[in-house]
Amino acid sequence: MDTFAVYGEPDAGKSTTCYKLFNLLQQGGATVLQSSPEKFWENYQPGTDFQATLSYNGKIVLITSDGDDCSIIERNVNRAIALIPDRFILAIRSRVWYKKSIALLQAKTNTTLRYFALSGGQTDTAKDASETQVANAIFPLI
């Protein structure tokens, strides 16, 4: 499994970055196997959290955009351990204790982990550009 962490301050665009990546996967022909909320993409509002499991080019991809506290991160990591997707994308809010969950993920799945950081306090235009840049950087790695 390859794991990609979208990391940043509150309101830096982690959830929207995950959504932009979800969109890239759908445009590339991915099939949604499961989502919560169900069919969230039909009325998506920027910043809204979601979880989705997709099939893309013969790979299972798990995206969890809700990473605002350690219990949520732990739940998402446990979901990935149970599912063992080929690719796992998770959001992690900065200054939230997450290292225990990541250590467990690495011990149980032998995953590689890459961090993609988003800066906080940007203008809306710069934030949109950063979100798009990170989503476009992760997409070819899937």
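The structure we're discussing is the one just above.
Draft legend 1. The overall build of the protein, seen in detail. On a plain count of helices and strands, the protein comes out with 4 helices and 6 strands. Its C-alpha atoms put the protein at 40 × 35 × 25 Å along the principal axes. The 142 residues of the protein split such that 46% are buried. Taking as baseline every contact in the protein between residues at least 6 positions apart, the subset at least 24 positions apart corresponds to 66%. In the structure as shown, the protein presents an accessible area of about 7,100 Å², 47% of it carried by carbon and sulfur atoms. For the protein, the centre of its 14 positive side-chain charges and the centre of its 14 negative side-chain charges are spaced 6 Å apart.

Draft legend 2. View of helix H4 (residues 124–138). Over its 15 residues, H4 extends 21 Å from the first C-alpha to the last, a length consistent with the 21 Å expected when each residue adds 1.5 Å. Listed in full, the buried residues belonging to H4 are Ser130, Glu131, Val134, Ala135 and Ile138. Down the axis of H4, the sector holding all buried residues measures 130°, keeping them to one side. Exposed side chains of H4 directed beyond 90 degrees from the buried face belong to Thr125 and Gln133. Residues of H4 that are buried sit in contact with strand S1 (2–8), helix H1 (14–27), strand S5 (87–93) and strand S6 (112–118).

Draft legend 3. Region of the structure containing the side chain of Ser15. Relative to the elements of secondary structure, Ser15 occurs in helix H1. For Ser15, a relative accessible area of 9% translates into the label buried. There is a polar contact of 3.2 Å between the side chain of Ser15 and the backbone oxygen of Ser65. For Ser15, the contacting residues outside a window of four places in its chain are Tyr44, Gly47, Thr48, Asp49, Phe50 and Ser65.

Draft legend 4. Representation of the pattern of salt bridges within the structure. Applying the stated criterion across every chain, the model contains 6 salt bridges. Here Lys20 and Asp128 are joined by a salt bridge, their closest N and O atoms 2.5 Å apart. Residue Lys20 is located in helix H1, and its partner Asp128 is located in helix H4; the two are separated by 108 residues in the primary sequence. Accessibility expressed as a relative area gives 40% for Asp128, which makes it partly exposed. Lys20 is the partner of Glu131 in a salt bridge, and the nearest nitrogen-oxygen pair spans 3.2 Å.

Rules and cut-offs
Residues numbered from 1 in each chain as written. Predicted model: local features only at pLDDT ≥ 70, side-chain atom pairs only at ≥ 80, totals over all residues. Heavy atoms only, no water. Helix = DSSP H or I, 4+ residues; strand = E, 2+ residues; numbered from the N terminus. Buried < 20%, exposed > 50% of the residue type's maximum accessible area, 1.4 Å probe, protein only. Contact = heavy atoms within 4.5 Å. Areas by Shrake-Rupley, 256 points an atom, 1.4 Å probe, with all protein chains shown as cover. Lys, Arg positive; Asp, Glu negative; His and termini not counted. Charge placed at Lys NZ, Arg CZ, Asp CG, Glu CD. Expected span 1.5 Å × (residues − 1). Arc of directions from axis to C-beta. Polar contact = N/O pair within 3.5 Å; in protein donor to acceptor, adjacent residues only side chain to side chain. Salt bridge = Lys/Arg side-chain N within 4 Å of Asp/Glu carboxyl O.

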